[in-house]
Amino acid sequence: MGIGTLSPSSELRGVSGVDYTTCLDEELYDKFFRDGELRAFEALVARWHDSTYRIARCICRNPTLAEETVQDAFMKLFSRKAHFENRGAGSFRSWFLSLVTNQARMSTRSERLAVKKKTVSVRDFVSRKGLDASQEPALEAGELHSALKHSLEGLEESLRTPVVLHFLEGMQQKEVASVLGVSQQMVSRRIDEAVSMLRARLARAGFALSVPALCETLAQCTLYPAPAHLQARLLEAARAQPVAHSIRAARVAAQTWWPVSVAGCILAVGIVAAVGLP
C-alpha cells in the first residue's frame, strides 16, 4: 500500500522491514526526512491525526476549519516547510502540536473577520434537550458529556486549549507549557481557572461535580474525535504534493549512485596500481 491509502498497522513497514508502529516519533521523522520513507510519514499521520484534529477543533470550534488546519500542518511537515530541529527544547509531539496550535489560532483569527461569534449558555443548551436546568437529578452520562462539551466551548481559547492538552491528551503541565510557549505557572493558573469556570457552568445546568470528579470526567472524555475520513484525506493530499515524486526520485538516484560510486572507486584504485603512481 502506498501513500494515499489507509495502511493497516501490519503494513506500516519500511524498506528495511522495520515496523513503524513501534518507532518513536523522532525516528519516524528522521526516516521520512533523511531517507525519504513515505510510510514513515503515513505512520505519523496514523498516530497523530486524531490528536491534532482534537486540538484544532478545540481552538477553531469549527469542524471544517479544524480539518483544514490539520491538513495545512501535515502538508507543512510533508513538504519540509516545517523542520523539527531544536530537539533539546522538547519532543516531536510538543513541537508538532505547537505547530498545529499556532496554525489553528491563525485560522481562527482569519475566520473571525467573517463570522460573528454567537454565545449560547449551558442553561439554554440543556433546556433545548428538554431538561430542567435547576433540577438535581441523576443525569445520563451522555447528557453530562454534551453539557461539558458545550461548557468547554464557552471558555476563552486561552483557557480551553490547556484543558484539552492536559486532560484529553494526557500531557504534563510542563509539556503543555512547551506547546503553548508560556510558563508552567501560567499553564497551572489557566487550568485552575478553567476548571473553576467549568464547575460553575455545569452547576448552573444541574451538574454538581467536585474538582476531582470533573478532572476525571475530562480525562475520560472522547471530545472532538477525528472524522473517519480525515486520515485518508491527509494521505491523499500528501500524494498530490510534487515533493512526493521528488522523494521517490531522490531515493532512486541514491540507490543508483551508490553502486556506481563504489565501482568507480575500485576502478580508480586499479588504474593507480597498474600505472604505478605513488
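Data block above holds the structure.
Rules used in this analysis
Residues numbered from 1 in each chain as written. Predicted model: local features only at pLDDT ≥ 70, side-chain atom pairs only at ≥ 80, totals over all residues. Heavy atoms only, no water. Helix = DSSP H or I, 4+ residues; strand = E, 2+ residues; numbered from the N terminus. Buried < 20%, exposed > 50% of the residue type's maximum accessible area, 1.4 Å probe, protein only. Contact = heavy atoms within 4.5 Å. Phe/Tyr/Trp six-rings, centres within 6.5 Å; stacked < 30°, edge-to-face > 60°. Axes fitted to C-alpha atoms, helices over the stretch in contact; angles between N-to-C directions. Parallel < 35°, antiparallel > 145°, perpendicular 65-115°, else oblique. Nonpolar A, V, L, I, M, F, W, Y, C, P; charged D, E, K, R; others polar. Salt bridge = Lys/Arg side-chain N within 4 Å of Asp/Glu carboxyl O. Core = buried A, V, L, I, M, F, W, Y, C linked by side-chain atoms within 4.5 Å.

Asks: Could you clarify how one ought to interpret the overall build of the chain in this entry?
Replies: Scanning the chain from terminus to terminus reveals twelve helices and zero strands. Starting at the N terminus and walking to the C terminus, you meet the elements of the chain as α-α-α-α-α-α-α-α-α-α-α-α. By residue count, 43% of the 278 residues in the chain fall in the buried class. Of the contacts formed within the chain by residues at least 6 apart in sequence, a portion of 69% connects residues at least 24 apart.

Asks: How should the packing of aromatic side chains be read in this particular structure?
Replies: The way to describe two aromatic rings as a pair is by their centre distance and the angle between their planes. All told, the structure shown has 15 aromatic pairs when counted by the stated rule. Both rings, one in Phe 32 and one in Phe 33, keep their centres 5.3 Å apart while their planes meet at 85°; by these two values the pair is edge-to-face. Residue classification places Phe 32 among the buried residues on the basis of a relative accessible area of 0%.

Asks: When you look at the packing of helix H7 (residues 157–168) against helix H9 (residues 184–204) in this model, what are you seeing that I'm missing?
Replies: A pair of packed helices is captured by two measures, namely the crossing angle of their axes and the spacing between those axes. At a minimum axis separation of 9 Å, H7 and H9 run at an interaxial angle of 100°. Comparing the axis directions of H7 and H9 gives the class roughly perpendicular. Contacts between H7 and H9 involve Ser 158, Leu 159, Pro 162, Val 163, His 166 and Phe 167 from the first element and Arg 190, Ile 191, Glu 193, Ala 194, Val 195 and Met 197 from the second. Among the residues making up the contact of H7 with H9, the classes are represented as eight nonpolar, two polar and two charged.

Asks: What is the right way to look at the pattern of salt bridges in this model?
Replies: Should the charged atoms of two oppositely charged side chains come close, the side chains can pair. Taken as a whole and assessed by the stated rule, the structure comprises ten salt bridges. For Arg 34, the salt bridge goes to Asp 35, with nearest N and O atoms at 3.1 Å. Assessed through its relative accessible area of 60%, Arg 34 is described here as exposed. On the basis of relative accessibility, which here comes to 29%, the residue Asp 35 falls in the partly exposed class. Between Asp 50 and Arg 54 there is a salt bridge whose closest N-O contact spans 2.7 Å. Within this pair, Asp 50 and its partner Arg 54 are both found in helix H2 (residues 38–60), separated by four residues, close to a single helical turn. Taking the relative accessible area as the measure of exposure, Asp 50 reaches 26% and is therefore partly exposed. It is possible to trace a salt-bridge network through shared partners that takes in Lys 31, Arg 34 and Asp 35.

Asks: Before we go on, may I ask you to explain the nonpolar core in this structure?
Replies: Taken as a class, soluble globular proteins show a tendency for nonpolar side chains to be buried jointly. Judged by nonpolar contacts, the single largest core of 71 residues is most densely connected at Phe 41, Phe 74 and Leu 77. Per element, the largest residue contribution to this core is 13 residues, and it comes from H2. Leave out the neighbours within four places in its chain, and Leu 77 touches Tyr 29, Phe 32, Phe 33, Phe 41, Leu 44, Ala 82, Phe 92, Trp 95 and Phe 96.

Asks: Looking at this model, I keep getting lost on the environment of Arg 160. Mind explaining?
Replies: Along the chain, the position of Arg 160 falls in helix H7. By relative accessible area, which is 2% here, Arg 160 ends up buried. For the pair Arg 160 and Ile 191, spaced 31 residues apart in the sequence, the C-alpha separation amounts to 8.4 Å. Ignoring sequence-local partners within four residues, the contact set of Arg 160 consists of Cys 58, Ile 59, Arg 61, Leu 152, Glu 153 and Leu 155.

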